[in-house]
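A look at the structure
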Amino acid sequence: MQITAIPAFDDNYIWAIQPAANPRQVIVVDPGCADRCQQWLDDQHCELVAILLTHHHWDHSQGVAALVERWHCPVYGPANSPFREINHALQHHDRVSFAALGITLQVIATPGHTLDHISYYGHGALFCGDTLFLAGCGRRFEGTVEQFYQSLQLLAALPAATQVYCGHEYSAANLRFAAAVMPHSQAVIAAQQRVQQLREQGLPSLPSRLAEEHAINPFLRATSAAEFGRLREWKDRF
Ligand SMILES: [Zn+2]
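On a predicted model such as this, the values are computed, not experimentally measured, just so you know.

As a further point, take the packing of aromatic side chains. In the structure shown here, the tally under the stated rule is 11 aromatic pairs. Relative to Tyr165, the ring of Phe127 has its centre 5.3 Å away and its plane inclined at 25°; by these criteria the two rings are stacked. One end of the pair, Phe127, is in strand E10 (residues 125-129); the other, Tyr165, is in strand E13 (residues 163-166), and 38 residues separate them in sequence. The exposure class of Phe127 is buried, given its relative accessible area of 0%.

The next thing to look at is the pairing of strand E2 (residues 12-18). The buried fraction of E2 amounts to seven of the seven residues, a majority that puts the element mostly inside the structure. The two faces of E2 match: Asn12, Ile14, Ala16 and Gln18 on one face and Tyr13, Trp15 and Ile17 on the other face are all buried. Bridge analysis of strand E1 (residues 2-8) against E2 gives seven bridges, and the strand direction is antiparallel. By the bridge assignment for E2, Pro7 is matched with Tyr13. Hairpin connection between E1 and E2: a loop of three residues separates the two successive antiparallel strands, and Phe9 in this loop has a positive phi of roughly 55°. Strand direction decides the pairing type here: E2 and strand E3 (residues 25-29), joined by three bridges, are antiparallel. Each bridged residue has a counterpart across the sheet, and for Ala16 the counterpart in E3 is Val28. Counting the residues that bridge the hairpin from E2 to E3 gives six residues.

Here the zinc ion is held by His55 (NE2), His57 (ND1), His113 (NE2) and Asp130 (OD), and the distances to it run 2.1 to 2.3 Å. If you look at the zinc ion, its four donor atoms make angles of 89 to 166° with each other, and the shape they trace is irregular. In primary sequence terms, the donor set of the zinc ion follows H-x1-H-x55-H-x16-D. Here His113 is found in the loop between strand E8 (103-109) and strand E9 (118-122), whereas its partner Asp130 is found in the loop between E10 and strand E11 (132-133), with 17 residues between them in sequence. For His113, a relative accessible area of 3% corresponds to the buried category. Of the residues examined, Asp130 reaches a relative accessible area of 3% and is grouped as buried.

Pairing in this open sheet of six strands is mixed, and the strands run E7-E8-E9-E10-E13-E14 from one edge to the other. Every other strand in the sheet has two partners, leaving strand E7 (95-98) and strand E14 (208-209) as the edge strands with one partner each. Sheet topology places E13 next to E14; two bridges connect them, and they run antiparallel. Within the sheet, the bridge partner assigned to Gln163 lies in E14 and is Arg209. The sheet contacts of helix H4 (residues 145-156) involve E8, E9 and E10, and relative to E8 the element is tilted by about 150°.

Reading guide: rules and limits
Residues numbered from 1 in each chain as written. Predicted model: local features only at pLDDT ≥ 70, side-chain atom pairs only at ≥ 80, totals over all residues. Heavy atoms only, no water. Phe/Tyr/Trp six-rings, centres within 6.5 Å; stacked < 30°, edge-to-face > 60°. Helix = DSSP H or I, 4+ residues; strand = E, 2+ residues; numbered from the N terminus. Buried < 20%, exposed > 50% of the residue type's maximum accessible area, 1.4 Å probe, protein only. Pairing = 2+ DSSP bridges. Donors = N, O, S within 2.8 Å, 3.2 Å for Na, K, Ca; no water. Tetrahedral: all angles 85-135°; square planar, octahedral: opposite > 155°, others 65-115°. Contact = heavy atoms within 4.5 Å. Axes fitted to C-alpha atoms, helices over the stretch in contact; angles between N-to-C directions.

Structure (structure tokens):
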């Protein structure tokens, strides 16, 4: 499958999944903006067959109503979400299958940023919304420190080659924080250079690779919930 970033707002990414079996039938993850999504679908001569949501925040879900009106497609999302337009409710360990398109994604409950946050993993790709970012993680709005730490541990256990598709372009700021936490890390310096080059070309810094996150992401490297909590508080003030 091919995965493309559709930029929206200041720094959001809507991810478009084009199945190898039929690249014109597109699944989008977190369509915060219907117009940006629809424009991309028109440009690519594609149709929208499903929407996947990671959590209820408006910048990930505000485009859903208009897209459903246009495409009458199913909306998958967390079972415990306050977002009302989800009609295929998902829980931890569920699978989302599009058999005709050869796509199956595994649902991983990742509460912390919000209580309803889920991530989708399959075909070597992870769609993790605002849970895990390149060299960072989301703010803790609803979950406990312990919940967020455990969620990151679940993602950390995925194969090292996993490509990480995050919900925002926060990489440069996250790497500045990572450099403060790990001032002697060559991996952080290398990531800063790579991200800077991509951004100067107007390209997304994503996806990240989980193997690299193990080296550069202070939150993923935390070895206890207490350490994670201290890092999150530090970053909030950074
Ligand atoms: Zn969010």
